[in-house]
Amino acid sequence: MTTTISSVASPPLSAASIEAARRIIAAHSVLDGAALPILHALQEAFGYVPRECDPLIAAALNISRAEVHGIISFYHDFRRAPAGRHVLKLCRAESCQSAGGTGLAERLLGRLGLEWGGTTRDGSLMTVEAVYCLGLCACSPSALLDGEPMARLDDSTLATVVQEARAA
C-alpha cells in the first residue's frame, strides 16, 4: 500500500535555486498584485512553491510571511512539495457529487492510501487533487489527468488510469 507524502518536507533548495527564486521574485514584484504572478512563476520554475521562498516574497512585497502562507494555502493550485509524474484532479462540484463522484474519490484515495493533495509514497507516480467544477457537468463524474479531461468516470476507469500511469 502507498501512503501520502503531502506532509513530507520538500527537498532543501540549493544556493543556485535560491538565487533563481530571488530573480523570479524581483522580476515579478514590480507588477500590480504581484503575489499571484510570483507564486505562479515559482511553481512553474520549481514544480512547487518552496517554503524557503516565503520570507523572500514577504520582504519583496512588504507583507508578513503569514500573509504569504495564507495566499498559498487559499489557492488549491499551489503546492508545497513536488507533484508526482501524473496529476489527477477529481471534480468535487455538485454535479459530480450527485453522480457518485464522492464515493468514487473515496475509493480511489483508499486504494492509493492517500488523502486529498497527497502523492504516492515513491513521490513520483501520482498526485490526487480536488478541483471544483471542470465544466463537464453533463458527463459527471469528471476529472483532469495531466490537464486532459476525462468524463463519465467509474471505478474501472480510474483503476485503468492508475495502472497505465504505473506502466508509463
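Throughout what follows, the structure given in this document is the object of discussion. The residue count restarts for each chain, going from 1 along the sequence in the order it is written. Reporting in this predicted model follows two pLDDT cut-offs: at least 70 for local features of residues, and 80 or more for side-chain atom pairs to be given and counted; totals over whole chains, interfaces and linings ignore these cut-offs and use all residues. With hydrogens and water stripped out, all remaining heavy atoms of the structure feed into the side-chain values.

1. Some remarks on unusual backbone geometry
At the junction of Ser 140 and Pro 141, the peptide bond is cis and its omega measures out at -10° in the coordinates. By the element assignment, Pro 141 lies in the loop between strand S2 (126-131) and strand S3 (143-145). The backbone of Asp 146 sits at a positive phi, close to 50°, despite the residue not being glycine. Here Asp 146 is to be found in the loop between S3 and strand S4 (148-150). Buried, partly exposed and exposed residues are distinguished by accessible area as a fraction of the type maximum, computed with a 1.4 Å probe on protein chains only: under 20%, between the cut-offs, and over 50%, respectively. Since its relative accessible area comes to 40%, Asp 146 is described here as partly exposed. Not every positive phi belongs to a glycine, and Arg 152 is a case in point at roughly 50°. Where helices and strands are cited, they refer to DSSP runs of H or I of at least four residues and of E of at least two residues respectively, numbered from the N terminus. Tracing the backbone through its elements, the reader meets Arg 152 in the loop between S4 and helix H7 (155-167). When its relative accessible area of 57% is taken as the criterion, Arg 152 is described as exposed.

2. Comments concerning the nonpolar core
We call a set of buried residues a nonpolar core when its members are Ala, Val, Leu, Ile, Met, Phe, Trp, Tyr or Cys and they connect through side-chain atoms within 4.5 Å of each other. In this structure, Leu 88, Leu 90 and Met 126 are the most contacted members of the largest nonpolar core, which totals 19 residues. Breaking this core down by element, the ones donating at least two residues are strand S1 (86-91), helix H6 (101-112), S2, S3 and H7. Among the elements that make up this core, the one with the highest residue count is H6 (5 residues). Sequence-distant contacts of Met 126, that is, excluding residues within four places in its chain, are made with Gly 84, His 86, Leu 88, Leu 112, Leu 114, Gly 118, Thr 119, Thr 120, Leu 145, Val 161, Val 162 and Ala 165. What makes two residues a contact is simply this: any of their non-hydrogen atoms within 4.5 Å.

3. Section: the sheet that holds S2
DSSP-based pairing: two strands are paired if at least 2 bridges between them are found. Taken in spatial order, the 4 strands make up an open sheet running S2-S1-S3-S4, and their pairing is mixed. Looking at strand neighbours, the two that pair on one side only are S2 and S4, the edges of this open sheet. Averaged over neighbouring strand pairs, the angle between their axes works out to 25° when direction is ignored. Both S3 and S4 contribute to a ladder of 3 bridges, which runs antiparallel. Across the sheet, Leu 145 pairs through a bridge with Glu 148, a residue of S4. Only C-alpha atoms enter the line fits that serve as axes; for helices the fit covers just the stretch in contact. Angles between N-to-C directions range over 0 to 180 degrees.

4. Brief notes about the packing of aromatic side chains
By convention, a stacked pair of Phe, Tyr or Trp rings (six-membered ring in the case of Trp) has centres within 6.5 Å and planes under 30 degrees apart, an edge-to-face pair has planes over 60 apart, and any other such pair is tilted. Here the structure, examined in full by the defined rule, presents 2 aromatic pairs. Where Phe 74 meets Tyr 75, the ring centres are 4.9 Å apart and the plane angle is 85°; that geometry is what we call edge-to-face. Judged by its relative accessible area of 58%, Phe 74 falls in the exposed class. Ring centres of Tyr 75 and Phe 78 lie 6.2 Å apart, and the angle between their planes is 85°; this geometry places the pair in the edge-to-face category. Tyr 75 gets classed as partly exposed once you look at its relative accessible area, which sits at 36%.

5. Observations regarding the state of the cysteines
We call a pair of cysteine sulfur atoms a disulfide when they lie within 2.5 Å. Throughout the structure, instances matching the rule amount to 0 disulfides. Counting only cysteine sulfurs, Cys 137 is the nearest neighbor of Cys 133, a cysteine outside any disulfide, at a range of 4.0 Å.

6. Here we look at the packing of helix H3 (residues 54-61) against helix H4 (residues 65-74)
It is the contact of H3 with H4, at a shortest axis distance of 8 Å, that shows an interaxial angle of 110°. Regarding the angle of H3 to H4, the classification is roughly perpendicular. The two elements H3 and H4 cross, and the hand of that crossing is right-handed. For the pair H3 and H4, the contacting residues are Asp 54, Pro 55, Ile 57 and Ala 58 in the first and Arg 65, Val 68 and Ile 72 in the second. Side-chain classes follow a simple rule in which Ala, Val, Leu, Ile, Met, Phe, Trp, Tyr, Cys and Pro form the nonpolar group, Asp, Glu, Lys and Arg form the charged group, and the remainder, Gly included, forms the polar group. A breakdown of the residues in the contact of H3 with H4 according to their chemical character gives 5 nonpolar, no polar and 2 charged. Orientation labels follow simple angle bins: below 35 degrees gives roughly parallel, above 145 gives roughly antiparallel, 65 to 115 gives roughly perpendicular, and whatever is left gives oblique. Whether a crossing is left-handed or right-handed is set by the direction in which the near helix is turned from the far one by less than a right angle, anticlockwise for left-handed and clockwise for right-handed.

The analysis is restricted to geometry; functional conclusions fall outside its scope.
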